[in-house]
Amino acid sequence: MKYKEWFEMAKKDIRSAEILYEHDGDNGIVCFHCQQAIEKYLKGFLIYATGELQEGHNLVRLCKKAMAYNKALGEFIKDMAFVNTYYIETRYPAEDPLLVSKEDAKECIRIAMKVMEKIDEAMKTK
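Just so you know, these numbers come straight off a predicted model, no measurement behind them.

Cut-offs and rules
- Residues numbered from 1 in each chain as written.
- Predicted model: local features only at pLDDT ≥ 70, side-chain atom pairs only at ≥ 80, totals over all residues.
- Heavy atoms only, no water.
- Helix = DSSP H or I, 4+ residues; strand = E, 2+ residues; numbered from the N terminus.
- Buried < 20%, exposed > 50% of the residue type's maximum accessible area, 1.4 Å probe, protein only.
- Contact = heavy atoms within 4.5 Å.
- Areas by Shrake-Rupley, 256 points an atom, 1.4 Å probe, with all protein chains shown as cover.
- Salt bridge = Lys/Arg side-chain N within 4 Å of Asp/Glu carboxyl O.

## Overview of the overall build of the protein
Thinking step 1. On a plain count of helices and strands, the protein comes out with 5 helices and 0 strands.
Thinking step 2. When burial is assessed residue by residue, the protein has 43% of its 126 residues classed as buried.
Thinking step 3. When contacts within the protein are restricted to residue pairs at least 6 apart in sequence, long-range pairs at least 24 apart make up 63% of them.
Thinking step 4. Total accessible area computed for the protein in this model is approximately 7,200 Å², and 54% of it derives from carbon and sulfur atoms.

## Description of the side chain of Q54
Thinking step 1. Tracing the backbone through its elements, the reader meets Q54 in the loop between helix 2 (27–50) and helix 3 (59–67).
Thinking step 2. Owing to a relative accessible area of 12%, Q54 belongs among the buried residues under this scheme.

## Remarks on the pattern of salt bridges
Thinking step 1. Counted by the stated rule, this structure contains 8 salt bridges.
Thinking step 2. The shortest N-O distance in the salt bridge between E39 and K43 comes to 3.0 Å. Highlighted residues: E39 and K43, both in helix 2, separated by 4 residues, approximately one helical turn.
Thinking step 3. According to the relative accessible area criterion, E39 is buried, its value standing at 5%.
Thinking step 4. Of the residues examined, K43 reaches a relative accessible area of 6% and is grouped as buried.
Thinking step 5. Between R110 and E107 there is a salt bridge, with its nearest N and O atoms 2.8 Å apart. On the criterion of helical spacing, the pair formed by R110 and E107 is a turn pair, its members being 3 residues apart in helix 5 (residues 102–124).
Thinking step 6. Among the residues examined, R110 registers a relative accessible area of 40% and is labelled partly exposed.
Thinking step 7. When its relative accessible area of 27% is taken as the criterion, E107 is described as partly exposed.

Purely spatial values, then, with no claim about function.
Here it is, written out as structure tokens:
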């Protein structure tokens, strides 16, 4: 399984998030695309490091696994918990819908970009 394909898909997700954000799209969907971008980048990195696709969507769990191969990713654990909240909550109707602010959407984009940059840096040193 090719890790670069995961990175390419992640870049499509982050670009989609940026376009939606710039054009006042739904903030929840912006955050969902950011969650997807991070998930795919972490999975791509783990494929590169282990040769195996990791199951699941929990960013905290994936980030902790990735830390075994790059300890610097530990700085993102709290951010992963923040972005994780947008995986399910933004995808289905809810009794108490999650209200996502423009600031939350901007923060998710910032986090996703930083995680992707950190992984790209780690890949250059290997």
